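# Examination of the molecular architecture
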Amino acid sequence: MRVALAFLVSMAASVGFIGAYQLDAGTQWLALSLSIALGSLGAGLAWWSRRLMPQESSEEARPTLAPPPEEERETAETFEAGRRGIRRRGLLGGLLAAAVGALGLGTVWPARSLGPPPSSGFRQTGWREGVHLIDETGRRIGIDTLDFGGVVTVFPEGRDPAADDQVVLMRIPLEDLDLPEGRANWTPDGYVAFSKVCTHAGCPVGLYQDVGYLLLCPCHQATFDVVQGAVPVFGPAPRELPQLPLRADRDGLLLAAGDFSGPVGPDRWRLGEVKDGDA
Amino acid sequence: MTYSDAVTRRRAARGDRRDRARALLGWAVVLAAAGALLVFQPARGQEDGDGDRPERGPALYQANCASCHGNRGEGTFRGPSLIGVGAASADYWLRSGRMPLPIREPGQEAKRGEPAFSDLQIRELVDYVASLGDGPQIPELDLTDVDLAKGGELYRLNCASCHNWDGKGGALVNRGNAPPLHPVPDRQLAEAIRIGPGAMPQFSERQLDDEELNDVVAYADYLRTPQDAGGYGLAHWGPSTETVAGFVAMLVLVLVTAWLGERRRG
Amino acid sequence: MTDHTTTPIGRLAQWIDQRVGAAKFTRSTLDYVFPKHFSFLFGEIALYSFVVLVGTGIFLALFYTPSEAEVIYAGTYDPLRGVAMTEAYESVVDLSFSVRAGLLFRQTHHWAAIIFLGAIFLHLCRVFFTGAFRRPRELNWITGVTLMVVAIAEGFAGYSLLDDLLSGTGVRIAYSIAESIPVVGTWLAYWIWGGEYPGEGFLSRLFAVHIFLLPAVIAALIGVHLFLVARPHHTQFAGPGKREDNVVGLRLWPSYATLSVGLFFLVAAVLNLMGGFLQINPVWLYGPYDVFVVSSGSQADWYFLWLQGALRLMPGVSLELGPYTVANQFFPAVLYPGVVFALLYLWPFLEARVTGDRGEHHLLDRPRDRPLRTALGAAAIAGFVVLLLAGSDDVFVTTFDWSIVPVRNVERVLFFVLPVLVGLGVWKAARDLSRADPPDRRSAAPASTEPTPADAPAGSSGVAADAVAYRRHEVRHGDSGPTTLVGAIAAVGAAVAVGSLVRRGLRDRSH
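This part is about the overall build of chain A. Helix and strand counts for chain A stand at five helices and eleven strands. In terms of principal-axis extent, the alpha carbons of chain A reach across some 90 × 75 × 35 Å. In chain A, which comprises 279 residues, the share counted as buried stands at 48%. Just so you have it, chain A exposes about 13500 Å², and 59% of that area is on carbon and sulfur atoms. Of note, chain A has its 25 positive side-chain charges centred 10 Å away from the centre of its 34 negative side-chain charges.

What follows covers the overall build of chain C. Counting its regular elements, chain C contains 18 helices and eight strands. Evaluated residue by residue, chain C yields a buried proportion of 55% over its 511 residues. In chain C, the share of contacts with a sequence separation of at least 24, taken over all contacts with a separation of at least 6, comes to 77%. Of the accessible surface of chain C, which amounts to about 21700 Å², a share of 71% is contributed by carbon and sulfur atoms.

What follows deals with the environment of Leu125(B). All names here are of chain B. Counting through the fold element by element, Leu-125 comes out in helix α7 (residues 119–131). When the C-alpha atoms of Leu-125 and Pro-58 are compared, they prove to be 7.1 Å apart, with 67 residues separating the residues in sequence. Those residues in contact with Leu-125, other than ones at most four positions away along the chain, are Gly-57, Leu-60, Tyr-61, Cys-65, Leu-94 and Phe-117.

By definition, a disulfide links the sulfur atoms of two cysteine residues through a covalent bond. All names here are of chain A. One pass over the full model with this rule turns up one disulfide over all chains. Between the sulfur of Cys-203 and that of Cys-219 lies a disulfide, 2.2 Å long from S to S. Its S-S torsion of about -100 degrees marks the bond between Cys-203 and Cys-219 as left-handed, since a negative value means left-handed. Highlighted residues: Cys-203 in the loop between β5 (191–195) and β6 (207–209) and Cys-219 in the loop between β7 (214–216) and β8 (223–225), separated in sequence by 16 residues. Taken individually, Cys-203 and Cys-219 each receive the classification buried, so the pair is uniform in this respect.

Many descriptions give the size of an interface as the accessible area lost when the pieces come together. In this complex, chain C contributes 80 residues to the contact, which on the side of chain B involves 66 residues. For the pairing of chain C and chain B, the buried interface totals around 6000 Å² over both sides, and the portion due to carbon and sulfur atoms is 65%. Along the contact surface separating chain C from chain B lie one salt bridge. One can count 20 residue pairs in polar contact (both at pLDDT 80 or more) joining chain C with chain B. Considering every element that reaches the side of chain C that touches chain B, the biggest residue donor is helix α18 (residues 481–510) of chain C, with twelve residues.

Partitioning chain A into structural domains gives domain 1 (2–53 + 69–114) and domain 2 (133–270). Here the C-alpha centroids of domain 1 of chain A and domain 2 of chain A sit 52 Å apart.

Attention now goes to the sheet that holds strand β1 (residues 58–61) of chain A. Read from one edge to the other, the open sheet built from three strands follows the order β1(A)-β5(C)-β1(C), with strand pairing classed as antiparallel. With partners counted over all chains shown, the strands left at the sheet margins are β1 of chain A together with β1 (33–34) of chain C, one partner each. The sheet contact formed by β1(C) and strand β5 (residues 246–251) of chain C spans two bridges and is antiparallel. Residue Val33(C) lies in a different strand from β5(C), and its bridge partner there is Arg251(C).

In this section: the interface of chain A and chain C. At the junction of the two partners, chain A supplies 77 residues and chain C supplies 94 residues. If you sort the residues of chain A by the area they bury against chain C, Glu60(A), Arg62(A) and Trp269(A) come out on top, with a joint share of 15%. Our enumeration of links across chain A and chain C arrives at two salt bridges. Across the pair Arg100(C) and Asp24(A) runs a salt bridge, and its minimum N-O distance is 3.7 Å. At the boundary of chain A and chain C, one finds 35 residue pairs in polar contact (both at pLDDT 80 or more). Elements with a contribution of two residues or more to the side of chain A that touches chain C: α1 (2–22), α2 (27–52), β1, β3 (151–156) and α5 (271–278) of chain A. Among the elements that take part in the side of chain A that touches chain C, α2(A) stands out by supplying 16 residues, more than any other. Looking at the side of chain A that touches chain C residue by residue, the classes come out as 38 nonpolar, 23 polar and 16 charged.

Moving on, we get to a nonpolar patch on the surface. Among the surface-exposed residues, Leu5(A), Leu8(A), Val9(A), Met11(A), Trp29(A), Leu32(A), Ile36(A) and Leu273(C) lie close enough to one another that they form a single nonpolar patch of about 750 Å² accessible area. Contributing elements (two or more residues each) for the nonpolar patch: α1 and α2 of chain A. Looking at the nonpolar patch, the element that brings in the most residues is α1(A), giving four residues. Turning to its location among the elements, Met11(A) is positioned in helix α1. The exposure class of Met11(A) is exposed, given its relative accessible area of 51%.

Residues and elements named next belong to chain A. The four strands lie next to each other as β6-β7-β8-β9, forming an open sheet whose pairing is antiparallel. Each having just a single partner strand, β6 and β9 (231–234) make up the two edges of the open sheet. Within this sheet the neighbouring strands show an average axis-to-axis angle of 30 degrees, counted without direction. Two elements, β8 and β9, share three bridges in a ladder whose sense is antiparallel. The residue of β9 that forms the bridge with Asp-225 is Val-231.

For helix α10 (residues 252–277) of chain C, which comprises 26 residues, the first-to-last C-alpha distance of 35 Å matches the rise-based estimate of 38 Å (1.5 Å per residue) to within 8%. Of all 26 residues in α10(C), 21 are buried, a share of seventy percent or more.

What follows concerns the pattern of salt bridges. In the structure shown here, the tally under the stated rule is 39 salt bridges over all chains. Linking Asp267(A) and Arg239(A) is a salt bridge whose minimum nitrogen-to-oxygen distance equals 2.8 Å. Residue Asp267(A) is located in the loop between β11 (254–256) and α5, and its partner Arg239(A) is located in the loop between β9 and β10 (246–248); the two are separated by 28 residues in the primary sequence. Note on accessibility: Asp267(A) and Arg239(A) belong to one class, buried. Residue Arg187(B) pairs with Glu191(B) through a salt bridge whose shortest N-O separation is 3.7 Å. Here Arg187(B) and its partner Glu191(B) are both found in helix α10 (residues 186–195), four residues apart, which amounts to about one turn of the helix.

The subject of this paragraph is the packing of α2(A) against α10(C). Orientation of α2(A) relative to α10(C), taken along the N-to-C sense of each, is 160 degrees, at an axis distance of 7 Å. With respect to their mutual orientation, α2(A) and α10(C) come out roughly antiparallel. The two elements α2(A) and α10(C) cross, and the hand of that crossing is left-handed. Among the residues forming the contact of α2(A) with α10(C), the class breakdown is 16 nonpolar, twelve polar and one charged.

Residue and element names in this part refer to chain C. Applying the stated criterion across every chain yields a total of 44 aromatic pairs over all chains. Ring geometry for Trp-302 and Phe-384: centres 6.2 Å apart, planes at 90 degrees, overall edge-to-face. Taken together, the positions of Trp-302 in helix α12 (residues 302–313) and Phe-384 in helix α14 (residues 371–391) put the pair 82 residues apart, joining distant regions of the chain. Here a set of aromatic residues connected by ring pairs shows up, and it is made of Phe-121, Phe-156, Tyr-159, Trp-302, Tyr-303, Phe-304, Trp-306, Tyr-336, Phe-341, Phe-384, Phe-415 and Phe-416.

This next bit is on the confidence of the model for chain A. In this model, chain A carries a mean pLDDT of 91, and residues with pLDDT of at least 70 account for 95%. Contacts of residues 275–279 of chain A to residues separated by more than four positions or lying in other chains number five contacts, the stretch itself having pLDDT below 50.

All names here are of chain C. Viewed as axis vectors pointing N to C, α12 and helix α13 (residues 330–355) meet at an angle of 125 degrees, and their least axial separation amounts to 9 Å. Regarding the angle of α12 to α13, the classification is oblique. Relative to α13, the crossing made by α12 is right-handed. Only Pro-332, Ala-333, Tyr-336, Pro-337 and Phe-341 of α13 make contact with α12, whose side of the interface consists of Trp-306, Leu-307, Ala-310 and Leu-311.

Let us now look at unusual backbone geometry. What is expected of a backbone is that most residues other than glycine have negative phi and most peptide bonds are trans. A cis geometry characterises the amide bond from Met99(B) onward to Pro100(B), with omega recorded as -5 degrees. Position of Pro100(B) among the secondary structure elements: in the loop between α6 (86–95) and α7. Cis peptide bonds are those with omega within 30 degrees of zero, and the linkage from Tyr197(C) to Pro198(C) qualifies with 5 degrees. Along the polypeptide, Pro198(C) turns up in the loop between α8 (185–193) and α9 (202–230). The phi dihedral of Asp189(A) falls on the positive side, at around 55 degrees, and the residue is not glycine. Despite not being glycine, Leu234(B) shows a phi value in the positive range, around 50 degrees. Along the chain, the position of Leu234(B) falls in the loop between α11 (210–222) and α12 (239–260).

What counts, and at which threshold
- Residues numbered from 1 in each chain as written.
- Chains lettered and ligands numbered in written order.
- Predicted model: local features only at pLDDT ≥ 70, side-chain atom pairs only at ≥ 80, totals over all residues.
- Heavy atoms only, no water.
- Helix = DSSP H or I, 4+ residues; strand = E, 2+ residues; numbered from the N terminus.
- Buried < 20%, exposed > 50% of the residue type's maximum accessible area, 1.4 Å probe, protein only.
- Areas by Shrake-Rupley, 256 points an atom, 1.4 Å probe, with all protein chains shown as cover.
- Lys, Arg positive; Asp, Glu negative; His and termini not counted.
- Charge placed at Lys NZ, Arg CZ, Asp CG, Glu CD.
- Contact = heavy atoms within 4.5 Å.
- Disulfide = S-S within 2.5 Å.
- Buried area = accessible area lost by both parts, 1.4 Å probe.
- Salt bridge = Lys/Arg side-chain N within 4 Å of Asp/Glu carboxyl O.
- Polar contact = N/O pair within 3.5 Å; in protein donor to acceptor, adjacent residues only side chain to side chain.
- Domains from an automatic or database assignment.
- Pairing = 2+ DSSP bridges.
- Nonpolar A, V, L, I, M, F, W, Y, C, P; charged D, E, K, R; others polar.
- Patch = residues over 30% accessible without salt bridge, like charges linked within 9 Å, V, L, I, M, F, W, Y side chains within 5 Å.
- Axes fitted to C-alpha atoms, helices over the stretch in contact; angles between N-to-C directions.
- Expected span 1.5 Å × (residues − 1).
- Parallel < 35°, antiparallel > 145°, perpendicular 65-115°, else oblique.
- Left-handed = near helix turned anticlockwise from the far one by under 90°.
- Phe/Tyr/Trp six-rings, centres within 6.5 Å; stacked < 30°, edge-to-face > 60°.
- pLDDT = per-residue confidence, 0-100.

This is how it looks when you write it as structure tokens:
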């Protein structure tokens with residue numbers, strides 16, 4: 001009785017589902033009707049099984065998995081007999097193995113098409129001396145774009161920006177800056193620029209705290225102290241963010257004064273080589 | 001209308017503030033009232049005497065702000081200078097109830113709350129602070145003709161990294177946290193973008209023009225009640241609450257198996 | 001041959017049987033005995049979730065476009081109209097807003113993935129804590145762990161296809177993890193992505209992997225898994241008349257099959273209900289992915305959340321080896337899960353080595369009778385939970401207005417301390433419980449080193465006495481299995497619910 005009712009409800013709900021679809025009644029009506037259809041069908045089957053079908057425990061012998069010794073021996077002998085025949089032609093067997101191996105290697109070789117070898121164009125960014133800074137809409141950044149306490153994401157002008165090109169540009173009063181040796185003239189009018197690619201796992205270091213001058217990556221909370229040269233102060237980042245040296249031209253526009261101070265992006269095996277190449 | 005009358009009336013108008021929409025309505029009432037006052041001001045001024053207003057601002061300032069920000073807004077060791085912060089800044093801090101601080105000590109985190117002053121008092125204080133030096137004006141928002149999609153793009157680029165894709169705020173290091181945007185009225189959103197209160201960076205007009213400001217505020221406003229086409233939005237916490245919901249569903253399914261796999265006794 | 005049957009189905013069966021000779025196999029299958037215990041159904045939940053995944057997945061695949069080509073959205077969701085996005089993301093937004101039942105099936109698919117892995121995890125725990133991986137089932141344990149690994153990869157592939165802001169961020173992290181592997185990492189990343197991040201044609205590769213390669217592997221492994229279950233027949237808990245050499249329970253046909261099909265529909269109903277009423281992965285709110293955009297509160301789905309937690313807990317160091325670097329993210333995201341899965345794979349062999357017990361076991365352990373194994377398993381789960389919390393700590397730090405730095409440091413300590421505490425507590429509790437039980441109820445307390453004689457005569461003398469003792473025990477203690485498990489899950493759920501209420505209270509106050 002209950003089972004029959006469940007099946008009837010299910011049927012009605014299925015019709016309801018079709019109706020909801022035809023009327024374009026929306027996700028929730030579709031879900032409601034379909035889950036009633038599914039659920040009452042499931043409950044009906046469960047009731048049927050539990051109430052109307054045999055529920056007494058049955059017993060079944062468990063099969064033996066380990067074969068009887070003589071069968072094991074016979075199998076081994078059959079195999080050995082064949083193998084002795086092969087072993088008499090030892091050279092042929094060896095050649096066959098080598099040929100199959102070579103064929104395997106050959107057929108897998110085109111997997112190289114999946115990607116270029118990493119040596120070509122490894123970690124070249126679009127930044128070099130004299131490139132203008134533009135924002136995401138293509139506007140050039142000038143010396144008056146930001147107030148002190150401002151932040152903007154910038155890209156190198158004149159090229160489709162690559163992932164490693166993104167730079168976070170901030171403006172900080174010069175007296176607050178405490179950058180490493182040799183970077184004194186990298187910050188015209190307090191503009192400081194660092195790679196926006198986190199040195200931990202590559203997320204954009206998008207979170208800028210104007211008080212305390214911290215850059216923070218929202219993925220794993222790697223935190224960088226901007227005024228010290230974006231050195232990591234908390235979280236998993238092992239390395240500082242590379243800085244982009246800046247200068248201003250006569251029209252008051254900002255330009256890159258060179259490439260980054262170090263390798264962009266997360267650590268990787270051959271980081272050392274890149275470091276030498278870039279610096 | 002006395003100050004306490006104003007507070008009582010506003011509180012009554014807002015009810016228990018559970019409903020975000022009602023809160024918005026409350027703000028609309030406040031703003032409308034402010035606008036009405038503005039319109040009728042000349043008549044009022046004649047009645048009360050023109051010399052009345054400019055004197056009340058400084059008096060309020062001396063009574064409530066000067067102990068931290070200095071007698072002429074020059075700042076003290078307890079609080080920063082207010083010279084040149086502009087009307088937008090004063091309006092934001094006072095209307096968000098973050099100022100004045102409950103305990104007047106440096107290093108306090110200013111929390112959002114009920115404003116301590118009436119609308120009129122705030123306008124007088126704002127006028128006074130703005131007169132101390134040039135600074136950002138209160139932005140004039142116009143959300144009638146906005147590009148919501150553009151606003152969304154600007155929001156994701158400039159706001160989401162701290163305030164989350166949903167506007168619920170996010171974790172900062174050593175500075176409290178980025179607050180949720182949902183309880184913040186539109187005008188304060190716009191002011192905050194221009195002045196960068198607290199740890200927040202500021203966005204100048206050269207970087208984000210007034211039209212873009214309208215767009216981004218409109219998107220933040222949309223996020224108060226975004227389109228949850230898929231059903232209950234699970235508080236928009238993303239995969240974290242989805243994990244919890246999945247956990248509960250797993251519990252339901254275990255109960256189903258407990259029912260199906262139950263040993264029948266007797 | 002005479003006709004044994006006159007019904008059309010019978011005639012068809014006979015027609016087939018005369019050509020493949022399957023009658024004997026079919027009959028033994030229909031007679032197959034399933035022991036009844038609720039925990040034996042967790043694997044079936046996973047299986048049926050997979051069926052739902054395939055069904056909804058086919059529908060989704062017909063609407064999804066695996067293309068990174070840039071388009072300007074012009075669909076029905078207003079707050080994105082005019083936004084530049086990839087065709088992939090556009091097709092997902094269109095599927096959600098313009099295709100009838102599209103959003104329902106998309107969300108059901110996503111929930112099914114979460115429950116698929118949840119059920120796999122629960123099933124793994126059941127097998128582990130009851131010792132069902134012991135000889136002769138080591139191979140099936142390995143198959144099962146492999147299934148879990150492949151399912152995790154499949155889940156990540158599906159999650160990443162959408163190309164929304166959240167999944168794009170996840171893919172960026174995945175690239176840096178692939179890249180971090182010593183020596184081969186860069187090659188590997190270039191091969192998977194087709195070049196330097198974000199690569200070329202990654203989505204179409206991922207699509208092929210997600211809808212063809214990995215589902216085929218999963219389906220094949222499920223086949224192997226079921227074969228390896230059925231070959232030695234099911235394990236069973238000790239009980240009246242239940243011995244190493246028999247199986248007691250319901251026959252497949254018709255009772256168990258009906259019940260199990262019923263379970264399928266119930267699982268599908270729950271998943272479908274969630275798909276329609278609990279919004280999951282609202283990609284239109286996340287927005288399209290851009291390499292320079294990120295949102296705070298970015299989380300991974302739960303089966304990756306623990307790795308996100310591990311990445312967060314790792315201190316900021318990397319290992320310099322002359323000109324080479326072993327990257328920071330290698331340790332939490334490659335080495336640590338590598339060790340975890342290696343231990344999982346090797347567990348049956350490690351345990352056999354330590355206990356010296358290499359005999360066949362078809363009767364299951366009760367967790368309390370193996371305090372050490374139970375304690376180690378509980379400790380591992382405790383560590384896993386700490387990592388899950390760490391993976392979402394920015395969310396609850398924001399919610400409760402705490403501070404991330406002390407929370408993170410506490411988690412770093414907890415990751416090492418909590419497993420020890422939980423392990424010790426569980427070990428003591430298990431030992432005390434086991435000792436409080438009458439000896440006849442303990443499952444194989446001193447481990448037998450001899451293989452059980454499989455050809456022992458059925459119904460040997462001790463069974464009747466066993467049965468009496470068992471029933472006496474049953475009356476006193478009842479069967480606490482489901483209650484305990486549901487209670488544990490409910491406790492965690494309640495904690496979360498109370499937390500969210502407190503949060504709401506705090507938020508109301510702060511308005």
